[in-house]
Amino acid sequence: MSVHFEALTAHLWAAKCRGYAMNTGILHDAAHATLIDPALLPDEVEDIAAFCEAQQLKVETVVITHHHWDHVLGAARFPGAHVVTHQSYVAQTALDLEHTRRSIQGYYGAEGVAADTPFSPPMPDQTVDRIIGLMVGDMRVQLFHTPGHARDHLSVYDAESAFLWAGDLLSDLEIPFVSDRLDAFERTLGMFAAMQVDLLVPGHGNLTRDHAEIRRRIDADRSYLSDLRTRIEAVVLAGGSVQDATAACADMVFRSPGANSEAHIMNVEQVFLECGGTTQFNLLLGWSREL
Ligand SMILES: [Zn+2]
C-alpha cells in the first residue's frame, strides 16, 4: 500500500497520500465509516477502500470539506455512500469546473494516470448551512461552516475527543490562502481560537496534539491576515494600485516563503479587491467584487 494509515483516536484513522501532504480521514464506529476528502490518486483511493474493507468498515458517508480539485477526487469510488457538503458547494463547483478539470488533468498527467473522460464532480445528497451533527454509528461529530479559504468550506469537530479536522486551514506547510474572503477567514480563525482542540488535523501537512503548536498556528495565521489587511487598507485609502499593494506586502513574514510566495501574491490581489481597491480591469468593466 502506498498510503500510510495512522490511528489517531479510537474512532479516527488518518490516511496520508503521496501528493501535497494530503490527509484523508476515516471516522468509524462499530462497522460504520465516514470518509473525509478521500484522495488523491486512483491507487490511493483504492488503498483506502481496501483498508476499510480489511477493517470491516462500510463506507456510508463521504464528507467533502470543499470543492477544490484535490478534495473531490475519491468520492466516486464509494457509490453507495451519501455525499455531504456545504450548501454552496454546488454553485462553487459549477463556477470552478473548468479550473478543477484542468488541475486534475495536470496532476494526473504529471503522475502518469490516464483519464479518458472529463472529471464529473460528486454531487451532495445532504448539505450543511452553518452546522449539523453527523452520526457515524453511535458517534456524533459536528460539521460546521468555516469559510475564508473557500466559500463552501466545512470542518469536522468531535467534542468528545476534541479533535478538529480543519480541511485547508491551520496547515503547518501552507499560509492562509484567501480564495474566498478575508473577513470570513478572520471570523473562522476567531472561532477556532475559542474552541477546545486537543488534536488538530489539517487537510495538508502534519497533525499535532501540542496545544502550544495549535495556538501558534492559529496566532500566526491571524497575525498574517491582520498584517495583510492593515497594509492593503492603507494602500487602498491612499488610492494606490494593486501593484502598490503588492509592493507594500513584499516584506511580510510568513511560513515557507519559497513554497507560498505565489499564494501570498494571490492573497494580496484578492484582499485588495475586497478592501475596495480598483484595478484597471474592474474600472474598464465597471465591475467590483462587492457586486
Ligand atoms: Zn482548498
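Refer to the structure printed above.
The following refers to the structure shown. (Residues numbered from 1 in each chain as written. Predicted model: local features only at pLDDT ≥ 70, side-chain atom pairs only at ≥ 80, totals over all residues.)

If you look at the biggest cluster of nonpolar residues, it comprises 74 residues, and the most contacted ones within it are Leu35, Val62, Val63, Leu200, Ile232 and Phe272. In terms of residues, this core owes the most to one element, helix H5 (residues 211–237), which gives eight residues. Taken domain by domain, the makeup of this core includes at least three residues from each of domain 1 (4–209) and domain 2 (229–291). Apart from residues lying up to four places away in sequence, Phe272 is in contact with Ile232, Val236, Val242, Ala245 and Gly277. (Core = buried A, V, L, I, M, F, W, Y, C linked by C-beta atoms within 7 Å. Buried ≥ 20, exposed ≤ 12 C-beta atoms within 10 Å, placed from the backbone. Helix = DSSP H or I, 4+ residues; strand = E, 2+ residues; numbered from the N terminus. Domains from an automatic or database assignment. Contact = placed C-beta atoms within 7 Å.)

Our focus in this paragraph is the sheet that holds strand E3 (residues 23–29). Pairing within the open sheet is mixed, and its seven strands lie in the order E1-E2-E3-E4-E5-E6-E7. Each edge of the open sheet carries a strand with a single partner, namely strand E1 (4–9) and strand E7 (126–128). Adjacent strand axes in the sheet meet at a mean angle of 25 degrees when their direction is disregarded. Note that E3 and strand E4 (residues 32–36) share five bridges and pair antiparallel. In the sheet register, Ile26 faces E4, and the bridge partner there is Leu35. (Pairing = 2+ DSSP bridges. Axes fitted to C-alpha atoms, helices over the stretch in contact; angles between N-to-C directions.)

This paragraph deals with the sheet that holds strand E8 (residues 131–136). Hydrogen bonds between backbone groups are what pair the strands of a sheet, and the pairing can be parallel or antiparallel. One open sheet accounts for five strands, arranged E8-E9-E10-E11-E12; its pairing is mixed. Strands at the two margins of the open sheet, each flanked by one partner only, are E8 and strand E12 (199–202). When strand polarity is set aside, the average angle formed by the axes of neighbouring strands in this sheet is 20 degrees. Where strand E10 (residues 154–158) and strand E11 (residues 163–167) come together, three bridges link them in antiparallel fashion. Across the sheet, residue Tyr157 finds its bridge partner in E11, namely Leu164.

Moving on: the packing of H5 against helix H7 (residues 257–274). Here H5 crosses H7 at 55 degrees, and the two axes come no closer than 10 Å. The orientation of H5 with respect to H7, classified from their angle, is oblique. Considering the relative orientation of H5 and H7, their crossing is right-handed. Contacts between H5 and H7 involve Leu228, Arg229, Ile232 and Val236 on the former and, on the latter, Asn267, Val268, Val271 and Phe272. Here the contact of H5 with H7 is built from residues that sort into six nonpolar, one polar and one charged. (Parallel < 35°, antiparallel > 145°, perpendicular 65-115°, else oblique. Left-handed = near helix turned anticlockwise from the far one by under 90°. Nonpolar A, V, L, I, M, F, W, Y, C, P; charged D, E, K, R; others polar.)

Next up on the list: the pairing of strand E6 (residues 82–86). Most of E6 is tucked away: four of the five residues are buried. Sheet topology note: the E6/E7 ladder contains three bridges and is parallel. Along E7, the bridge assignment pairs Thr85 with Thr127.

Looking now at the environment of Gly203. Among the secondary structure elements, Gly203 is positioned in the loop between E12 and H5. The exposure class assigned to Gly203 is buried, which follows from the 29 C-beta atoms found within 10 Å. Along the chain, Gly203 and Trp165 lie 38 residues apart, while their C-alpha atoms are 7.4 Å from each other. In this structure, Gly203 is in contact with Met22, Asn23, Asp37, Thr65, Ala166, Gly167 and Asp168, ignoring residues within four places of it in sequence.

Here we come to unusual backbone geometry. Cis geometry is found at the peptide bond from Ala39 to Leu40, where omega equals -5 degrees. Topologically, Leu40 is positioned in the loop between E4 and helix H1 (42–54). A positive phi is found at Asp37, a non-glycine position, where the angle reads about 50 degrees. Tracing the sequence through the fold places Asp37 in the loop between E4 and H1.

That is the geometry; function is a separate question.
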